[in-house]
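This is what each chain is made of:
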Amino acid sequence: MGAVRILLLAAVAVLVTGCQTEVAGQAAPTGFIVKDGTQLRFRPVLAELPPGPATGSAAERQSTDPATQQAAAQAFDCAQGQPDPLDGRDDPALPLVSCDRAQGTKYVLAPGFLSGADVSRVDATVDPQTGSPVITMSFTSAGRKTWAEWTGQNIGKQVAMVLKSRVLTAPAVQSAITGGETQITGKFTLPEARQLARDIAGG
């Protein structure tokens, strides 16, 4: 899906979550209510490694030692169809080596700071100004506060949304997000945006 960005939704008022106004020739928003957010984690990206063959053993994917993390990332087999031994059993309080199986990109991730329980709704729609698909996330009141603090301190950095130990997307933060609603843009189709929204919502 290529580069993905997180934008401040307030700058695009027409994309307010819950707005069902249709634009001629464009799909109406497809929304997902988060019912069980226990498997989704927001983890800062510490390092990103390009796709490559696995070398060695990736047994220590939750080590706190940077050298061990790098070795585990090199060794981790990110191929689609390969079962993940952790499969949602990772400890959110520890770092994690994971990957985006669609792209093959490997990541070293910091401990989680938000979970799916902090997200109330996820929508996928089309930006009427650009014609490009976008995903909109709405946070709970507690999640909004944490998200505003983290994005304000980490502009330009990536945050991975991890479902069952697997990276769904790892967009870069473009600005501090204080309004409780976040827009994710990237090079994906509307069906891909809908699937990503569904995955983020745990649907």
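See above for the structure.
To start, this report covers the structure provided alongside it.

### Remarks on the nonpolar core
Turning to step 1, where the next piece is worked out: Judged by nonpolar contacts, the single largest core of 26 residues is most densely connected at Phe42, Val122, Ile135, Met137, Trp147 and Ile200.
Turning to step 2, where the next piece is worked out: Counting residues per element, the ones that place at least two in this core are β3 (40-49), β7 (119-126), β8 (133-139), α2 (141-153), β9 (159-163) and α3 (190-200).
Turning to step 3, where the next piece is worked out: Looking at this core element by element, the count peaks at four residues for α3.
Turning to step 4, where the next piece is worked out: Met137 has contacts with Phe42, Arg121, Val122, Met161, Gly180, Glu181, Thr182, Ile184 and Ile200, leaving out every residue within four places of it along the chain.

### Focus on the pattern of salt bridges
Turning to step 1, where the next piece is worked out: For the structure on display, the rule yields four salt bridges.
Turning to step 2, where the next piece is worked out: The salt bridge partner of Asp90 is Arg43, with a shortest N-O separation of 3.0 Å. Separated by 47 residues along the polypeptide, Asp90 in the loop between α1 (66-75) and β4 (96-100) and Arg43 in strand β3 bring together distant segments of the chain. Note on accessibility: Asp90 and Arg43 belong to one class, buried.
Turning to step 3, where the next piece is worked out: Asp84 is the partner of Arg61 in a salt bridge, and the nearest nitrogen-oxygen pair spans 2.7 Å. Pair noted here: Arg61 is in the loop between β3 and α1 and Asp84 is in the loop between α1 and β4, with a separation of 23 residues, a long-range link. Comparing Arg61 with Asp84 shows no difference in burial state: the two are buried.

### Concerning the environment of Gly31
Turning to step 1, where the next piece is worked out: Its place among the elements puts Gly31 in strand β2 (residues 30-33).
Turning to step 2, where the next piece is worked out: With sequence-adjacent residues up to four places away left out, Gly31 is seen in contact with Arg121, Val122 and Asp123.

### Section: α3
Turning to step 1, where the next piece is worked out: Among all positions in α3, only Leu190, Ala193, Leu196, Ala197, Asp199 and Ile200 are buried.
Turning to step 2, where the next piece is worked out: One or two steps after α3, the chain reaches Gly202, where phi turns positive at roughly 80°.

### Quick look at unusual backbone geometry
Turning to step 1, where the next piece is worked out: With a phi close to 40°, Asp87 is a non-glycine residue in the positive phi region.
Turning to step 2, where the next piece is worked out: In this structure, Asp87 sits in the loop between α1 and β4.
Turning to step 3, where the next piece is worked out: Look at Asp87 and you get partly exposed, because its relative accessible area is 43%.
Turning to step 4, where the next piece is worked out: The phi torsion at Ser165 lies on the positive side, around 70°, for a residue other than glycine.
Turning to step 5, where the next piece is worked out: Locating Ser165 in the fold gives a position in the loop between β9 and β10 (166-169).

### Concerning the state of the cysteines
Turning to step 1, where the next piece is worked out: Applying the stated rule across the entire model yields one disulfide.
Turning to step 2, where the next piece is worked out: Between the sulfur atoms of Cys78 and its disulfide partner Cys99 the distance amounts to 2.0 Å. Where Cys78 bonds to Cys99 through sulfur, the torsion about that S-S bond is close to 105°, and the disulfide is right-handed. Of the two residues, Cys78 sits in the loop between α1 and β4 while Cys99 sits in strand β4, which places them 21 residues apart along the sequence.
Turning to step 3, where the next piece is worked out: Cys78 sits in the buried class, given a relative accessible area of 9%.

### Here we look at the pairing of strand β5 (residues 105-109)
Turning to step 1, where the next piece is worked out: Burial analysis of β5 places five of its five residues in the buried class, which makes it a mostly covered element.
Turning to step 2, where the next piece is worked out: Side chains Thr105, Tyr107 and Leu109 of β5 all project onto a buried face; the interleaved residues Lys106 and Val108 project onto the opposite face, where all are buried too.
Turning to step 3, where the next piece is worked out: Bridge count between β3 and β5: four bridges; the pairing is antiparallel. Its bridge partner being in β5, Glu48 is matched across the sheet by Tyr107.
Turning to step 4, where the next piece is worked out: Note: β4 against β5, five bridges, orientation antiparallel. When the bridges of β5 are listed, Leu96 appears paired with Leu109.
Turning to step 5, where the next piece is worked out: Connecting the antiparallel pair β4 and β5 is a turn made up of four residues, with Gly104 showing a positive phi of about 85°.

Procedures and definitions
Residues numbered from 1 in each chain as written. Predicted model: local features only at pLDDT ≥ 70, side-chain atom pairs only at ≥ 80, totals over all residues. Heavy atoms only, no water. Core = buried A, V, L, I, M, F, W, Y, C linked by side-chain atoms within 4.5 Å. Buried < 20%, exposed > 50% of the residue type's maximum accessible area, 1.4 Å probe, protein only. Helix = DSSP H or I, 4+ residues; strand = E, 2+ residues; numbered from the N terminus. Contact = heavy atoms within 4.5 Å. Salt bridge = Lys/Arg side-chain N within 4 Å of Asp/Glu carboxyl O. Disulfide = S-S within 2.5 Å. Pairing = 2+ DSSP bridges.

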